[in-house]
Amino acid sequence: MTDVTGAPADVLHTLFHSEQGGHEQVVLCQDRASGLKAVIALHNTALGPALGGTRFYPYATEEEAVADALNLARGMSYKNAMAGLDHGGGKAVIIGDPDRDKTEELLLAYGRFVASLGGRYVTACDVGTYVADMDVVARECRWTTGRSPENGGAGDSSVLTAFGVYQGMRASAQHLWGDPSLRGRRIGIAGVGKVGHHLVEHLVAEGAEIFVTDVRADAVRRITERHATVTAVADTEALIRVEGLDVYAPCALGGALNDDSVPVLTARVVCGAANNQLAHPGVEKDLADRGILYAPDYVVNAGGVIQVADELHGFDFERCKAKAAGIYDTTLAIFARAKADGIPPAAAADRIAEQRMHEAAAARRAR
């Protein structure tokens, strides 16, 4: 079913009427010459210009791409608020196979669309896009971060994303076991690509027992050839069932925590880099009911956005790393708030982020 514009009616309902909506602006972008089809979604700019990455992914349908952009943009509002950034939430998705469809012409066209928003949206890397891609986009759009150091950027943001997730794990261990050390803990990582392989390095250095899986065999092989102590597991289904798992780290795409995975998950803690890990509302309660501590994804994976935001003001890695280290204290504060309010950590994080956005919007209206 479509509305008078031809857009799927369920998408418009999500945008204007559902609790998952509330977006300020959604831009559909098409450049026939390059084959670009993209969606840019701005969820909330109360705290400042929207900031979020560009995902390049072969969505099955355009409707799926729009839904992903809406969900990701909303998540970025909460992530940026909890990271203490003066940025709202936005996200862009490019429809296509990055290995086959990504061209310089397409990225330049995309950059022109981002530039047309006049700074309301600042873009960066995400799944399927890399530093070299942002260098191309930046040729048409000055509101581009995640560029190479040679082009005035901060480089690979996955380094601090992984560092932040590591801090979230340490906070989870402190809250649950009374000690932030991960030495000897059994940790399963689903997805050892851009972020996951950096996370492995932190955990190996601390002496954790690590299990990994990835849809790309070469990504797993890169890890196991470098670290003989890391164990490869066939797939995510096997990983979440590893006996005695202490921590499960979803580091690939969203929806990892769902009605099928939560009942069989052996881990006591979930703390990973993937966005939108909760497949639908209510999963956070299912985790709590099983006694599984969930470190909210948009809190612990904020190291990357902290880095790209800093790039706008003259990048300083040590300054960014110090701020990303604060994810440890932020995560502990969320667990404390959840306990005090008698709610799951995901709900506690939402309340804190929503309060900050509400106060910023009220201050803007008062000016």
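Quick notes on the rules
Residues numbered from 1 in each chain as written. Predicted model: local features only at pLDDT ≥ 70, side-chain atom pairs only at ≥ 80, totals over all residues. Heavy atoms only, no water. Helix = DSSP H or I, 4+ residues; strand = E, 2+ residues; numbered from the N terminus. Rg over C-alpha atoms; globule rule 2.2 N^0.38 Å. Buried < 20%, exposed > 50% of the residue type's maximum accessible area, 1.4 Å probe, protein only. Areas by Shrake-Rupley, 256 points an atom, 1.4 Å probe, with all protein chains shown as cover. Salt bridge = Lys/Arg side-chain N within 4 Å of Asp/Glu carboxyl O. Core = buried A, V, L, I, M, F, W, Y, C linked by side-chain atoms within 4.5 Å. Contact = heavy atoms within 4.5 Å.

**With respect to the overall build of the chain**
Counting its secondary structure elements, the chain contains 15 helices and eleven strands. For 367 residues, the compact-globule estimate of 2.2 N^0.38 gives 21 Å, and the chain sits close to it at 20 Å. Its C-alpha atoms give the chain principal-axis dimensions of roughly 55 × 45 × 45 Å. In the chain, which comprises 367 residues, the share counted as buried stands at 53%. Approximately 15,700 Å² of the chain is accessible, and the part contributed by carbon and sulfur atoms is 50%.

**Considering the pattern of salt bridges**
Scanning the model with the defined rule gives 20 salt bridges in all. Across the pair Glu 24 and Arg 120 runs a salt bridge whose closest N-O atoms are separated by 3.4 Å. In this pair, Glu 24 sits in the loop between helix 1 (9-16) and strand 1 (25-31) while Arg 120 sits in the loop between helix 4 (104-115) and strand 5 (121-125), placing the two residues 96 residues apart along the sequence. Looking at Arg 120, the relative accessible area reads 32%, which means it is partly exposed. Its salt-bridge partner being Glu 209, residue Arg 186 comes within 3.1 Å of it at the nearest N-O pair. A residue pair is termed long-range when its members are at least 10 positions apart, and Arg 186 in strand 6 (residues 186-190) and Glu 209 in strand 7 (residues 209-213) qualify at 23 residues. Residues joined by salt bridges that share partners form a network here, namely Arg 55, Asp 68, Lys 91 and Asp 126.

**Quick word on the nonpolar core**
Of all hydrophobic cores here, the largest spans 70 residues; its most connected members are Ile 40, Tyr 110, Tyr 121, Met 169, Ile 189, Leu 199 and Leu 203. Sorting elements by how many residues they give to this core places helix 6 (residues 158-177) first, with seven residues. If we ignore the near neighbours within four places in the chain, the residues touching Ile 189 are Leu 199, Val 200, Leu 203, Ile 210, Phe 211, Val 212, Thr 213, Leu 239, Ala 249 and Cys 251. Ala 190, Leu 239, Leu 257 and Leu 265 belong to the second largest nonpolar core, which has 19 residues in total.

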